[in-house]
Amino acid sequence: MKKTLTAATLLSTTLLAQGALAQDVTLTIESWRNDDLTLWQDQIIPAFEASHPGIKIKFSPSAPAEYNAVLNSKLDAGSAGDLITCRPFDASLALYEGDKLADLSDLDAMDSFADVAKSAWQTDDGSATFCVPIASVIHGFIYNKDAFNELGIEPPKTTDEFYAVLDKIQEDGSYIPMAMGTNDQWEAATMGYQNIGPNYWKGEEGRQALIAGEQKLTDEQWVAPFRELAKWAPYLGNGYEAQTYPDSQNLFTLGRAAIYPAGSWEISGFNQQADFEMGAFPPPVPAEGDECYISDHTDIAMGMNAATEHPEEAKAFLEWVGSEEFATIYSNALPGFFSLASFDVEMSDPLAQEFVSWRQSCNSTIRSTYQILSRGTPNLENETWGASAAAIKGTSTPEELAQKLQDGLSSWYDPQK
Amino acid sequence: MQKSRIRWHIAVFLAPAVLVYTAVMIYPLFNTLRLALFNEVDDQRLFVGLANFRTLFLDPLWSDAFWNALGNNFWFFLIHMLVQNPIGIALAALLSHPRLRFAAFYRTAIFVPTILSFVIVGFAWKLILSPIWGIAPSLLDAVGLGGLFQPWLGKEEYALTTLALVSVWQFVGIPMMLIYAALLSIPEELLEAGEIDGITGMSAFWKIKLPLILPSIGIISILTFVGNFNAFDLIYSAQGALAGPDFATDILGTFLYRTFFGFQLQLGDPYMGSAIASAMFAIILIGVCIYLFGIQTRMRRYQL
């Protein structure tokens, strides 16, 4: 017995000697951010490995749309990585409740985050936090500065100005006024409804009231965003019904469209693709002087696979994810993903600075459908995708769409019954 | 009299296939059927009998989506039966014409899409039909029909038919090959005998060849049926799991995927997912049985 063991050890050392040292621990990260692969490989991982000898990190992303399904299957099969990139709210909460994610409440790094930053990765009563918050994304509109200068227009502040700007671009004819399609549906919901909506339902106030059952989706403040979306269709390019998300991105970065309803995560990609100057404006308010609200959505965090074989090393990495060093590398390498930590991180990208400056002038909220309200069947978030696309296409009236969403929600959510 | 011995070698030779097939097909199938009878109540897995099916067929939240997917699936199948199979037969009849030149080239060219991956087909057609970068709008413009162009994949009324036709384009090679093989096996003497009796050209096809290839057409229909009701890949790669626009292209496969594995904020529900999978299995089983007992046994066969 002893002999075979020695032989096996010898064999494994010879096999491993060529690669990493035998005692090195390799941690694998599950993520949906396949766009960030080079950033992790070239900047984040080397910075961590330099200060933590003996721990190697492997970043292994899957496609965003399939991430949740892939991750759940991998966790069930026991083949998931040691570190799990967390979607906000229920997807991760379900993993924690299913004992797939470890409780990280006692991690020192948690002190660097405000309660609201952690709220997306806590149990409903806030007693346990299971992911270290990484970043949020802010919604708004990115515009082509050269085009605006050429046509002599200013970024709009109110909805009236917004449509006046769109009309002017339309009239001139050299640009498509706005680059958005309804083919993938989520654009219409995320960059349309959730982008302009907070100005109508007054951010957190409306969102909390909806969760508490004090407001309904058929109330004016929740129908109004659909009414606005219904006016967008003439300003979108020809055949927008079959225009996909990458189509819209390309239309804008090729300089064929003047305005792009955006999430701040687009910034780094757009910086590489576009050869014109870009600016950004927050979602226009209904009337001059109205208070403005932005969607500053807690989007990404990282937790630990409860079944990992290397909990100590994984925790060491997560402590580092909560450090100022990580926040600085991350927010500068990925302009548009804004660190949720309370450190004052210097950012060099002007477009990212523009976005983050709205945190001072406007009230922040998160996407209305994410917390609690998408727990049941039918799923409010997915239904909102379809409804927003239908609003733009005009296949149903805003009132019908709101009624359908409300019926779906009240069918399973007690406070809305 | 010799004592009859157990013939072990039969079991030994069958074992590998039986074991593998059981492990990867029979066990998962029955486990899925079993899972459909359970549900999770307060974190406990409970036997709920047919409650999942009651939800699926009677609860409007589920049944609307289910009937929509089933209806779309039938339309998808109908297009294949009306377009793919007749075209396949016509192509095979042309290819088997003895005086056709470059027959091997046509045969290969038409069959090649069949071996392409769904992802490639979905992506390529999405690009071809794209209103922004696609070649479809400019091609139509070139022949003066630019006005006919529509963003087909983005419109509720056209999207499913468009995808069904893309699928026809991809798979038309299969009925063609099967029918082609059946046509080649028809003996020359039979056709010559017909010729002597004055049956030539088109009527030779209708009166001699078609009755002889009917069993092959039957097999193709059932293959199409099973393939279409299990379809998923093309819709998923072209329109995503939400099968847009507004579920217009949602078929049972995408409905199952969304339910079983979850999508975006929607969490996966293996119990309802299994119920849908069981319903799909039942539909296919019934369809195949109708064919086997209702049609195939009545088909006239000719000894060649």
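- Per an unreviewed UniProt entry, chain B goes by the name Carbohydrate ABC transporter membrane protein 1, CUT1 family and belongs to Tropicimonas isoalkanivorans.
- Here chain B is described in UniProt, under the heading Subcellular location (unreviewed entry), as follows: "Cell membrane".
- We quote the UniProt Sequence similarities (unreviewed entry) comment for chain B here in full: "Belongs to the binding-protein-dependent transport system permease family."

- As recorded in an unreviewed UniProt entry, chain A goes by the name Probable sugar-binding periplasmic protein, listed as coming from Tropicimonas isoalkanivorans.
- The Function (unreviewed entry) comment attached to chain A in UniProt states, word for word, "Part of a binding-protein-dependent transport system for a sugar."

## A look at the packing of aromatic side chains
- Under the counting rule described, the total for this entry stands at 51 aromatic pairs over all chains.
- With a centroid separation of 5.4 Å and 45° between ring planes, the pair formed by B:Tyr257 and B:Phe261 is classed as tilted. Of this pair, B:Tyr257 and B:Phe261 both sit in helix H12 (residues 252–261), four residues apart, roughly one helical turn.
- Residue B:Phe261 is classed as partly exposed on the basis of its relative accessible area of 35%.
- Put simply, the rings of A:Trp40, A:Phe48, A:Phe59, A:Phe317, A:Trp320, A:Phe326, A:Tyr330 and A:Phe337 pair up and form one aromatic cluster.
- Positioned above the aromatic ring of A:Trp32, the side-chain terminus of A:Arg87 is 4.1 Å from the ring centre.
- One Lys or Arg, B:Arg45, reaches over the ring of B:Phe38 and ends 5.9 Å from the middle of that ring.

## Observations concerning a nonpolar patch on the surface
Residues and elements named next belong to chain B.
- A contiguous nonpolar surface patch, about 600 Å² in accessible area, is contributed by Val-20, Tyr-21, Val-24, Met-25, Ile-26 and Phe-30.
- Among the secondary structure elements, Tyr-21 is positioned in helix H1 (residues 8–35).
- With a relative accessible area of 47%, Tyr-21 lands in the partly exposed category.

## A closer look at the pattern of salt bridges
Residues and elements named next belong to chain A.
- As enumerated under the stated definition, the model contains 15 salt bridges over all chains in all.
- For Lys-74, the salt bridge identified is with Glu-30, shortest N-O distance 3.1 Å. Separated by 44 residues along the polypeptide, Lys-74 in helix H3 (residues 67–77) and Glu-30 in strand E1 (residues 25–31) bring together distant segments of the chain.
- We classify Glu-30 as buried; its relative accessible area is 3%.
- In this structure, the salt-bridge partner of Glu-204 is Arg-207, at a minimum N-O distance of 2.8 Å. You can see Glu-204 and its partner Arg-207 sitting in helix H10 (residues 204–212), three residues apart, about one turn around the helix.
- Take Arg-207: its relative accessible area is 4%, and that puts it in the buried class.
- By sharing partners, the salt bridges in this structure join Asp-90, Asp-124 and Arg-375 into a single network.

## So, the interface of chain A and chain B
- On the side of chain B, 26 residues touch chain A, which itself brings 33 residues to the contact.
- For the pairing of chain A and chain B, the buried interface totals around 2,700 Å² over both sides, and the portion due to carbon and sulfur atoms is 58%.
- If you sort the residues of chain A by the area they bury against chain B, A:Gln185, A:Asn382 and A:Trp385 come out on top, with a joint share of 17%.
- Connecting chain A to chain B are two salt bridges.
- Notably, a salt bridge pairs B:Lys155 with A:Glu241, separated by 3.6 Å at the nearest N-O pair.
- Here chain A and chain B share three residue pairs in polar contact (both at pLDDT 80 or more) between them.
- Looking at which element gives the most residues to the side of chain A that touches chain B, the answer is helix H17 (residues 380–393) of chain A, with four residues.
- When the residues that make up the side of chain A that touches chain B are grouped by side-chain class, the tally is ten nonpolar, 16 polar and seven charged.

## Observations regarding the state of the cysteines
Residues and elements named next belong to chain A.
- One pass over the structure, following the stated rule, counts two disulfides over all chains.
- Across a sulfur-sulfur distance of 1.9 Å, Cys-292 and Cys-362 are joined as a disulfide pair. Between Cys-292 and Cys-362, the disulfide has an S-S torsion of -90° and is therefore left-handed. Residue Cys-292 is found in the loop between strand E7 (278–281) and strand E8 (293–304), and its partner Cys-362 is found in the loop between helix H16 (350–361) and strand E10 (363–365); the two are separated by 70 residues along the sequence.

## Digging into the UniProt feature "transmembrane region" (unreviewed entry) in chain B
All names here are of chain B.
- In this structure's numbering, the residues bearing the UniProt feature "transmembrane region" (unreviewed entry) are residues 12–30, 74–95, 104–125, 131–149, 161–183, 212–235, 247–265 and 271–294.
- This span, residues 12–30, is 100% helix and 0% strand, and a straight line between its end C-alpha atoms measures 25 Å.
- Within residues 271–294, the helical portion is 100% and the strand portion 0%, while the C-alpha atoms at the span's ends are 33 Å from each other.

## Structural notes on the domain arrangement of chain A
Residue and element names in this part refer to chain A.
- When the domains of chain A are assigned, the result is domain 1 (23–135 + 298–349) and domain 2 (138–296 + 364–416).
- Distance between the C-alpha centres of domain 1 and domain 2: 29 Å.
- Listed by partner, the interface residues are twelve residues for domain 1 and 13 residues for domain 2.
- Of the roughly 1,100 Å² buried where domain 1 meets domain 2, counting both sides, 54% is carbon and sulfur surface.
- The largest contributions to the domain 1 side of the interface with domain 2 come from Phe-89, Asp-90 and Phe-338, which together make up 40% of the buried area.
- Scanning the region where domain 1 abuts domain 2 turns up two salt bridges.
- Along the contact surface separating domain 1 from domain 2 lie four residue pairs in polar contact (both at pLDDT 80 or more).

## Some details on the UniProt feature "domain: ABC transmembrane type-1" (unreviewed entry) in chain B
- Per the UniProt record, "domain: ABC transmembrane type-1" (unreviewed entry) is found at residues 70–293 of chain B.
- Helix makes up 71% of residues 70–293 of chain B and strand makes up 2%, while its end C-alpha atoms are separated by 23 Å.

Cut-offs used in this document
Each chain has its residues counted from 1, following the order in which its sequence is written. Naming scheme: in the order in which they are written, chains are lettered from A and ligands are numbered from 1. Whole-chain, interface and lining totals are the exception, using all residues; otherwise, since this is a predicted model, local features are given only for residues with pLDDT of at least 70 and side-chain atom pairs are given and counted only at 80 or more. Heavy atoms from the whole structure form the basis of all side-chain values; hydrogens and water molecules are not counted. UniProt positions are given in the numbering used here, feature names are shortened, and annotations may be inferred rather than shown by experiment. Two rings belonging to Phe, Tyr or Trp (six-membered ring only in the last case) form a pair when the distance between their centres is within 6.5 Å. Interplanar angles under 30 degrees mark stacking, angles over 60 mark edge-to-face geometry, and anything in between is tilted. Only DSSP runs of H or I covering at least 4 residues are called helices, and only runs of E covering at least 2 are called strands; the numbering of each starts at the N terminus. Using a 1.4 Å probe on the protein chains alone, a residue whose accessible area is under 20% of its type maximum counts as buried, one over 50% counts as exposed, and one in between counts as partly exposed. In this scheme, the term charge over a ring applies when either NZ of a lysine or CZ of an arginine sits within 6 Å of the ring centre and within 35 degrees of the ring normal. Like charges within 9 Å and nonpolar side chains (Val, Leu, Ile, Met, Phe, Trp, Tyr) within 5 Å are joined into patches, using only residues over 30% in relative accessible area that form no salt bridge. Note on areas: these come from Shrake-Rupley sampling with a 1.4 Å probe, and a residue is covered only by the protein chains present in the view. Here, a salt bridge means any side-chain nitrogen of Lys or Arg that lies within 4 Å of a carboxyl oxygen of Asp or Glu. Any two residues whose heavy atoms approach within 4.5 Å are treated as being in contact. The term buried area refers to how much accessible surface (probe radius 1.4 Å) is lost by two components on association, counted for both of them together. A 3.5 Å cut-off defines polar contacts: any pair of N or O atoms within that distance qualifies, except that in protein one atom must be a possible hydrogen donor and the other a possible acceptor, and neighbouring residues in sequence count only when both atoms are side-chain atoms. Throughout, the ten residues Ala, Val, Leu, Ile, Met, Phe, Trp, Tyr, Cys and Pro are labelled nonpolar, Asp, Glu, Lys and Arg are labelled charged, and all others, Gly among them, are labelled polar. Throughout, disulfides are identified as pairs of cysteine sulfur atoms within 2.5 Å of each other. Boundary definitions for the domains trace back to an automatic or database domain assignment.

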